[in-house]
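Observations on chain architecture
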Amino acid sequence: MTKHLSQEELLRYLDGELSKSAMQTIAAHLQACWSCNVEFDRLKEHIAAILDAETNFTGPSAPPPRPWPRLDKRLDEAMDRATTPLWKRLFPIPERHVRWRMAYGLAGLALTLVVLSVLRPEPVSAREALRRAAEADTARLTISGRQVARQRVRVRRTARRAASARDTQLEAWQTTKAAYWNSGADPVSAELRARYQANGLDAALPLSPQTVESWVKIAGAEPSASETRESIDVQVVSAATGKEDGLEGVALHVRRDGWHVDEMTLSFADVTYRIVEEESVVLTRANVPPDVLALLEPQTAPREAPASAPALATGRDGARSNLDDLEMEIRHDLHTAGADLDGSLEISQSPPDEVVVNASRLPAEMREKVAALLGKRSGARVELHEPATAGSDGRITRIIPPAASPSDRSDPRLTRFLESENTPPNYVRFVLENSNNVLTRLHALRSLAMRWPPEQEARLSSGAKARLRAIVENHAKATRLAAAELSQRIAPLVTHFGHTISAESAVTVEGPWQQAGVSGLAAAQRTDRTLRSLLTTSEMPLSPDEGIPMLVQGMRDLDRAVRVLPE
Amino acid sequence: MDMEAIATAEGLLPVDTSRLSPAVAAWRQRVAELYEAHRDGIYRFLTGHGLPPALAQERTQDVFVDLFVALQKGGRVESEQGWLYTVAARSAVDYWRRERSTLQVELDLEKGPAAQAQSGDLSPEAQTEHRERERRIAAALGRLSKEHRLCIQLRMQGLRYREIAKILGVSTSTAAEWLVSAVNSLRGESQ
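Criteria and cut-off values
Residues numbered from 1 in each chain as written. Chains lettered and ligands numbered in written order. Predicted model: local features only at pLDDT ≥ 70, side-chain atom pairs only at ≥ 80, totals over all residues. Heavy atoms only, no water. Helix = DSSP H or I, 4+ residues; strand = E, 2+ residues; numbered from the N terminus. Buried < 20%, exposed > 50% of the residue type's maximum accessible area, 1.4 Å probe, protein only. Contact = heavy atoms within 4.5 Å. Areas by Shrake-Rupley, 256 points an atom, 1.4 Å probe, with all protein chains shown as cover. Pairing = 2+ DSSP bridges. Axes fitted to C-alpha atoms, helices over the stretch in contact; angles between N-to-C directions. Parallel < 35°, antiparallel > 145°, perpendicular 65-115°, else oblique. Left-handed = near helix turned anticlockwise from the far one by under 90°. Nonpolar A, V, L, I, M, F, W, Y, C, P; charged D, E, K, R; others polar.

1. Brief notes about the overall build of chain B
- When its secondary structure is counted, chain B shows 9 helices and 0 strands.
- Overall, chain B shows an N-to-C arrangement of helices and strands of α-α-α-α-α-α-α-α-α.
- Here chain B, with 191 residues, has 50% of them falling under the buried criterion.
- Restricting the contact set of chain B to residue pairs at least 6 apart, pairs at least 24 apart contribute 61%.
- In the form shown here, chain B has an accessible surface area of approximately 8,900 Å², with 47% of it arising from carbon and sulfur atoms.

The structure is reproduced here in structure tokens:
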């Protein structure tokens, strides 16, 4: 053996990028030379590590657009181009010596234009499409005091970072005064309902003119449209105000025949819901099931069953109420054990008399704790394995990224502050840990808010209500403490750049805790993103001039939300 | 729901496919499926190579339209994913040439869901060490020159050296040198 193989030779051999004879020579060398053989294995191992790093650490980019623009119009245009002969595109005017052909051609063109003008659908703007659809759909769904509208929709929930989507069907009923969504124990419907309620759509159907108008208004931006012969796709990419509410955009599918919105996609920062109408009908009250009517008109039918009623003896509502009680007891115990803090726990009801706790994604130690706590409890089923249909979107795992090294930071003022004697060591790490604590508690609160929106909380028995209250108050207290710590921690940073974190102490804020949980989490997420952009090797670095005012605003919003939480 | 139904509901296929020949309808369906599966990846690839978000969005759609046109013209596409990234890479290189910009890349070192998944084969210490190594390599990837990084990413998509060279407008031996240099430089960072 004369000499060892170079890295280039090894890589080219690995990639099959050598001549046949060179491949054979190197193969023979590798068989004969231990040293090169080991080096070859190391190279393969290193390439595997590069692949893992590239796959696991996402690229430096703005998040992809949500919703994505549709492709069909572009494909149609491409098809048109492909089917038109090149000479016709290059030489649209015929040769001089075939004038008669030109005459025929022009006549044909004129005729085509006439036909097209008759057949071609009238172009309409996005606003006009929305106006016509609102007018037609309002006429279709208008109800009198003696009628009830029933809508069935299909909802597809896609979490932004999850590979899988979840589908569900939802039935909703509406009178002139109230709406009832028969979401059962389905978490997707309950979550969507909570989003509607958080935006003031308590008494709306999932897909109605009122709903469409409200979401478009919340997005707060000018709609745009793309048309096909049969339909118009209206898109609204949220303005800054809409994004503050967590809404990234709204997409609507408007059918030209009858001007009807039959599909709406709501894109939030973390999740997208596609709501497709299956049926909308107006019924007389006589055709509405009495239990649904009772839920729509609570004054005529008290719903809350006594907490002590036997599970199956009191009919549907009673059984449900007892299952709620059981779920709340279990939630309370899990909360006391600290198992509800990392967002990995999934709790669902399995009628008629069981509550399922999936603890498969908890850390091993906590999993054992949950199994010991609930293993022998009547009515509780603990699952320690991954459910077949579960997505991975629920888990909250936040990795605190490394602080940017001084050379990464372009702003010398920030470097001066972080390297100053007055700034404690590991400052960035502590700030991000504080922010993480706030997020953890608010995630837990939002999760409760989604599960028990105000109307469902109102239906709980007094015992379950008290337990829910206790959990919420505990999280609220911890949130307040964590937010105060965070505020204290970042105050010197903010002051260094000439700003102050001012709490609006004179402002009294009221509202349901559910809404505060949702808006508090949104504010905490904004603050966390800003901190990471300012202080770490972030995908979207911010200068202090941009970032500090955002930080101040984020903390103010967080403070406002935290005030609403119960003491 | 089958893929065609999903694609139609997404607006990727025309509502009425009966007006299309079976072959064209099949290509449209295939492009719709690929668009659904790869649009985010292509978009990230393009923004990662310096294209502003709006332009990256436009170019992402172009990539899929180009694929459709190629299929329609009877072009031979051996690896669809490789084809998509080849066209996207050409877009990125065109953009560099037009803008003559230097690209400073900082990778997102906040781990995504895939990175958070636990590997059952490794002890917690080994996992931490493994991730730390990955993080160092990811950071080093961000520090590579844009040409070297593109070489690595295209090789990952299965492109041959001559194909990479063609995209970058250099000789095959230069592309090979860049690739070796990039791999060696990442190796130095990871140890």
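From this point, the discussion proceeds with the structure in view.
2. Observations regarding the sheet that holds strand β11 (residues 380–383) of chain A
Residues and elements named next belong to chain A.
- Taken together, the 3 strands give an open sheet; going across it, the order is β9-β10-β11, and neighbouring strands pair in mixed fashion. Every interior strand has two partners, whereas the edge strands, β9 (346–350) and β11, have only one. This sheet shows a mean twist of 20° between the axes of neighbouring strands, independent of strand direction.
- Inspection of the sheet shows β9 paired to strand β10 (residues 354–358) by 5 bridges, in the antiparallel sense. Note on β10: the bridge partner recorded for Ile347 is Val357.

3. Focus: the sheet that holds strand β7 (residues 260–268) of chain A
Residues and elements named next belong to chain A.
- Pairing within the open sheet is antiparallel, and its 8 strands lie in the order β3-β2-β1-β8-β7-β6-β5-β4. The sheet is open, and its two edges are formed by β3 (179–182) and β4 (224–227), each paired on a single side. Taken over all neighbouring pairs, the strand axes of this sheet differ in orientation by 20° on average, direction set aside.
- Pairing of β7 with strand β8 (residues 271–284), which is carried by 5 bridges, proceeds in the antiparallel orientation. Along β8, the bridge assignment pairs Leu266 with Tyr273.
- Relative to β8, helix α8 (residues 187–198) is tilted by about 85°, and along the sheet it contacts β1 (147–159), β2 (165–174), β3, β7 and β8.
- Each of β2, β5 (231–237), β6 (247–255) and β7 touches helix α9 (residues 209–219); the most contacted strand, β6, lies at about 140° to it.

4. Here's the deal with the packing of helix α3 (residues 53–72) of chain B against helix α4 (residues 80–99) of chain B
Residues and elements named next belong to chain B.
- Interhelical geometry of α3 versus α4 gives an angle of 135° and a closest axis separation of 9 Å. Accordingly, the angle class assigned to the pair α3 and α4 is oblique. For the pair α3 and α4, the crossing hand works out as right-handed. On α4, the residues that touch Leu55, Arg59, Val63, Phe64, Asp66, Leu67 and Ala70 of α3 are Trp83, Leu84, Val87, Ala88, Ser91, Tyr95 and Arg98.

5. As for the packing of helix α3 (residues 34–56) of chain A against helix α7 (residues 146–156) of chain B
- At their nearest, the axes of α3(A) and α7(B) sit 11 Å apart, and the two run at 95° to each other. The pairing of α3(A) with α7(B) is recorded here as roughly perpendicular in orientation. Seen from α3(A), the contacting residues are A:Ile50, A:Leu51 and A:Glu54; seen from α7(B), they are B:Ile152, B:Gln153 and B:Met156.
- Of the residues in the contact of α3(A) with α7(B), the class split is 4 nonpolar, 1 polar and 1 charged.

6. Topic: the environment of A:Arg70
Residue and element names in this part refer to chain A.
- As for its placement among the helices and strands, Arg70 is situated in the loop between α3 and α4 (72–83).
- You can call Arg70 buried: its relative accessible area is 18%.
- Along the primary structure Arg70 and Ser226 are separated by 156 residues, whereas in three dimensions their C-alpha atoms are 8.7 Å apart.

In short, geometric facts, not functional conclusions.
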